[in-house]
Amino acid sequence: MIYQWQTCLGIELFLETSIKTYFEDRNVMQPSPDPVYILRGSSSPVTSLHFLPILTNTLLSGNQDGKVYVWDLKTRRIQQKINAHLDSVLQVEASPVADSLLTHGRDGYARIWRTGEAAFTCTDQIQVSSKGFCAAKMLPQTGKSYLIVLPGESSSVTVYDSSTKQLVRELVPPSTKLGMCMCMQPVLDSTGSAWGLLVGYESGSLLLWDVVSGKLLSELMLHSDAVMCFKYSSSANRGFSGSVDNQLLEWTISAENENKMSLIDKTVVTNQGFNDIVIRCDNKIVATAGWDSNVRVFSTKKLRPIALLSFHRGSVKALSFSCDGLLAAGSEDRLISVWDVYRS
């Protein structure tokens, strides 16, 4: 009996090792790991996340009820609560200028906050003409200044100076069939200053603008439906976008060919719908937030799925990578999961 038990145990261990090796050799997704910890206490669904680089171990979360929470990741507790907006927070983002923060809510306001150890204080606000789902963005400029881009009426984008809060220019596309602005992101040069702006539209198109001249540089039809989310890495010159379908697309910008954008790869996931996309700082990993409550992690080298993070019971709305590679995910279930995947 002892010999039979040892034989069975040996076979079991052999099979387990063989199966593990088989999956690793073929770069197939491993079973979902567990989050390293969960942040609890949000009063409503989490709609935006941002690791704050100027305060170590600090995560900001925007909520559907307009509140912004400041989380201390050492104690894993809420450090501060900010009544930022009267409606859902679309964006919470650290400013290129030290001790400054941008929030944007569906109440029609973008607000600038001064950060401090005691409290966050609202110093300025800009009224936003559009009350859609497109979040405001900060565009760093040379020195300590930055621009604030906001969704305008119809398909337009308005550009404001952060110091004067005055309208600098308006980016109006030639076509009236693009629909609403859905998402935006700056394109940076080697110094970290933003020279361009990428805008995804309701039609499925992605437009690249020169924010200095206001000139439209190129356009790429990506999706058959709205561009729900995208992320572009200026250092790697790679962008990833998702829509209401089950396709994750990869594209690039050709500086040698008049900044023409082109599709270079795509992958298909099991279930439809993307809410957010983030790229890790080293450009090796891209993660997506799904309507199906899962977070999917891909290798950017060949756009292969390498992990499926399953924890949440509601749609995952927001993602954020920390400077050291931790991944935070916020969901409709009011929870924030923090993951440590492939950091080595």
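Please refer to the structure higher up on the page.
Reading guide: rules and limits
- Residues numbered from 1 in each chain as written.
- Predicted model: local features only at pLDDT ≥ 70, side-chain atom pairs only at ≥ 80, totals over all residues.
- Heavy atoms only, no water.
- Pairing = 2+ DSSP bridges.
- Helix = DSSP H or I, 4+ residues; strand = E, 2+ residues; numbered from the N terminus.
- Axes fitted to C-alpha atoms, helices over the stretch in contact; angles between N-to-C directions.
- Buried < 20%, exposed > 50% of the residue type's maximum accessible area, 1.4 Å probe, protein only.
- Salt bridge = Lys/Arg side-chain N within 4 Å of Asp/Glu carboxyl O.
- Contact = heavy atoms within 4.5 Å.
- Phe/Tyr/Trp six-rings, centres within 6.5 Å; stacked < 30°, edge-to-face > 60°.
- Lys NZ or Arg CZ within 6 Å of the ring centre and 35° of its normal.
- Polar contact = N/O pair within 3.5 Å; in protein donor to acceptor, adjacent residues only side chain to side chain.

Colleague: Tell me what's going on with the sheet that holds strand 2 (residues 46–51), and back it up with residues and numbers.
Modeller: The strand order across the open sheet built from four strands is 2-3-4-5, with neighbouring strands paired in antiparallel fashion. Only two strands of the sheet have a single partner each, and these edge strands are strand 2 and strand 5 (77–83). The mean angle between the axes of side-by-side strands here comes to 20 degrees, regardless of whether they run parallel or antiparallel.

Colleague: So what's going on with unusual backbone geometry? Residues and values would help.
Modeller: The phi dihedral of R76 is positive, around 60 degrees, even though this residue is not glycine. Here R76 is to be found in the loop between strand 4 (67–72) and strand 5. Here K165, not a glycine, exhibits a phi torsion of approximately 60 degrees, which is positive. Relative to the assigned elements, K165 resides in the loop between strand 12 (157–161) and strand 13 (167–171). Classification of K165 by relative accessible area gives buried; the value is 19%.

Colleague: An account of the pattern of salt bridges is needed here, citing residue identities and associated values.
Modeller: Applying the stated criterion across every chain yields a total of seven salt bridges. For the salt bridge of R238 with E250, the shortest nitrogen-to-oxygen distance reads 3.3 Å. Of this pair, R238 sits in strand 19 (residues 238–242) while E250 sits in strand 20 (residues 247–254), placing them 12 residues apart in sequence.

Colleague: Give me the pairing of strand 3 (residues 58–63): which residues, what numbers.
Modeller: The element strand 3 is largely enclosed, with a buried count of six among its six residues. Judged by which residues are buried, strand 3 turns out to be covered on both faces: T58, L60 and G62 on one side and L59, S61 and N63 on the other are all buried. With five bridges connecting them, strand 3 and strand 4 associate as antiparallel partners. In the strand pairing of strand 4, G62 is matched with V68. What sits between strand 3 and strand 4 in their antiparallel hairpin is a turn of three residues, with G66 showing a positive phi close to 95 degrees.

Colleague: Go over the side chain of S322, please, and point to the residues and values.
Modeller: Here S322 shows up in the loop between strand 26 (316–321) and strand 27 (327–331). If we ignore the near neighbours within four places in the chain, the residues touching S322 are F51 and C281.

Colleague: Lay out the packing of aromatic side chains with the relevant residues and their values.
Modeller: Considering all chains together, one arrives at three aromatic pairs under this definition. Pairing Y232 with W251 gives two aromatic rings, centres 5.8 Å apart and planes at 5 degrees, and the pair type is stacked. With Y232 in strand 18 (residues 229–233) and W251 in strand 20, the pair connects residues that are 19 residues apart, well separated along the chain. Of the two residues, Y232 and W251, neither departs from the other in class, the shared state being buried. Each member of the aromatic cluster is reached from another via a ring pair, and the members are F230, Y232 and W251. Directly above the aromatic system of F133 lies the positively charged group of R106, at a separation of 4.0 Å from the ring centroid.

Colleague: Describe in detail the sheet that holds strand 13, supporting the description with residues and values.
Modeller: Spatial ordering of the open sheet is given by 10-11-12-13, a layout of four strands whose pairing is antiparallel. The open sheet has two edge strands with one neighbour each: strand 10 (137–140) and strand 13. Looking at each pair of strands side by side, their axes are set apart by 25 degrees on average, direction ignored. In terms of strand pairing, strand 12 meets strand 13 through four bridges, oriented antiparallel. What sits directly across from T158, in strand 13, is E170.

Colleague: Give a description of the side chain of S320 that names residues and reports values.
Modeller: Take S320: it is sitting in strand 26. Classification of S320 as buried rests on a relative accessible area of 6%. Within the local environment of S320, its side chain forms a polar contact with the backbone nitrogen of F51, the two atoms lying 3.3 Å apart. In contact with S320, not counting residues within four places along its chain, are L49, H50, F51, V278, L326, L327 and A328.

Colleague: An account of the environment of D276 is requested, with residue identities and associated values reported.
Modeller: Structurally, the position occupied by D276 is in strand 22 (residues 274–279). Once the C-alpha coordinates of D276 and S320 are considered, the two residues, 44 residues apart in sequence, prove to be 9.3 Å apart. Setting aside anything within four residues of it in sequence, one finds D276 in contact with C229, A287, T288, A289, K317, A318 and L319. Within polar-contact distance, the side chain of D276 engages the backbone nitrogen of L319 at 2.9 Å.

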